[in-house]
Amino acid sequence: MSERRHIDVAAGILVDQDQRILIGERPATAKHSPHFWEFPGGKLEPSESPTAALQRELDEELGITVGAATLLTTRHHAYPERDVTVYFFKVSAWQGSPRSAEGQRLAWVALNELSTYRLLPADIPLVGELARLLGLDSGNA
């Protein structure tokens, strides 16, 4: 029996002035879960910290430079083919305007609309906690 593959991922939760959260759609060519929506980020490289991975991935995916990020929570998820640990960061400051640097669709979404998107299974449990974790006004989100 082969050992399950484990992947560590850093994901950024970017919130704009209207309390909307940025998500991106995985491209059709993605090896894992194409066309699912996710919080921007990606896999940690060997010996890379979650914070360094977040900074690198958001630069590569969105063309932004992270100014300030705080670890909100860490979640584990078992997919059929792999186990994933996701480090979710609140990105409270960045330089540049997020843009699709890798051809993925992006959307700024109100907190109460996130559940209408086909999110990655590893991201779904976080949605119900985001208002509290981010300190957002859930009545307006």
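Residues numbered from 1 in each chain as written. Predicted model: local features only at pLDDT ≥ 70, side-chain atom pairs only at ≥ 80, totals over all residues. Heavy atoms only, no water.

A. Structural detail: the sheet that holds strand S5 (residues 65-78). Spatially, four strands are ordered S4-S1-S6-S5 in an open sheet, and the strand pairing comes out mixed. This sheet does not close on itself; its edge strands, each paired only once, are strand S4 (41-43) and S5. Strand-to-strand twist of the sheet, defined as the mean angle between neighbouring strand axes without regard to direction, takes the value 20 degrees. Where strand S1 (residues 5-14) and strand S6 (residues 82-95) come together, 10 bridges link them in parallel fashion. (Pairing = 2+ DSSP bridges. Helix = DSSP H or I, 4+ residues; strand = E, 2+ residues; numbered from the N terminus. Axes fitted to C-alpha atoms, helices over the stretch in contact; angles between N-to-C directions.)

B. Molecular detail of the packing of aromatic side chains. One pass over the full model with this rule turns up three aromatic pairs. On the basis of an interplanar angle of 75 degrees and a centroid distance of 5.2 Å, the ring pair of tryptophan 37 and tyrosine 117 is categorised as edge-to-face. Placement of the pair is tryptophan 37 in strand S3 (residues 37-38) and tyrosine 117 in the loop between strand S7 (106-110) and helix H2 (124-127), with a sequence separation of 80 residues. Take tryptophan 37: its relative accessible area is 8%, and that puts it in the buried class. A relative accessible area of 27% means that tyrosine 117 is categorised as partly exposed. Between phenylalanine 39 and phenylalanine 88, the ring centres sit 6.1 Å apart and the planes meet at 90 degrees, which makes this aromatic pair edge-to-face. Pair noted here: phenylalanine 39 is in the loop between S3 and S4 and phenylalanine 88 is in strand S6, with a separation of 49 residues, a long-range link. Exposure class is identical for phenylalanine 39 and phenylalanine 88. Each is buried. Seen from the ring of phenylalanine 36, arginine 118 lies directly overhead, with NZ or CZ sitting 3.9 Å from the centre. (Phe/Tyr/Trp six-rings, centres within 6.5 Å; stacked < 30°, edge-to-face > 60°. Buried < 20%, exposed > 50% of the residue type's maximum accessible area, 1.4 Å probe, protein only. Lys NZ or Arg CZ within 6 Å of the ring centre and 35° of its normal.)

C. How the structure looks around the pairing of S5. One ladder, built from 12 bridges, connects S5 with S6; its direction is antiparallel. Bridge pairing in S6 links histidine 77 to valine 84.

D. Spatial organisation of unusual backbone geometry. With a phi angle near 65 degrees, glutamine 19 is a residue other than glycine that sits in the positive phi range. Counting through the fold element by element, glutamine 19 comes out in the loop between S1 and strand S2 (20-25). Given a relative accessible area of 22%, glutamine 19 falls into the partly exposed group. Its identity is not glycine, yet serine 47 carries a phi of approximately 65 degrees, on the positive side.

E. Quick peek at the nonpolar core. If you look at the biggest cluster of nonpolar residues, it comprises 28 residues, and the most contacted ones within it are Ile13, Ile21, Ile23, Phe39, Leu114, Leu130 and Leu134. Take this core: its biggest share by element is four residues, from S1. Beyond its immediate sequence surroundings of up to four residues, isoleucine 13 is in contact with Ile21, Phe39, Leu72, Phe88, Phe89, Lys90, Val91, Leu126, Leu130 and Leu134. Judged by nonpolar contacts, the second largest core, of 12 residues, contains Leu54, Leu62, Ile64 and Val66. (Core = buried A, V, L, I, M, F, W, Y, C linked by side-chain atoms within 4.5 Å. Contact = heavy atoms within 4.5 Å.)

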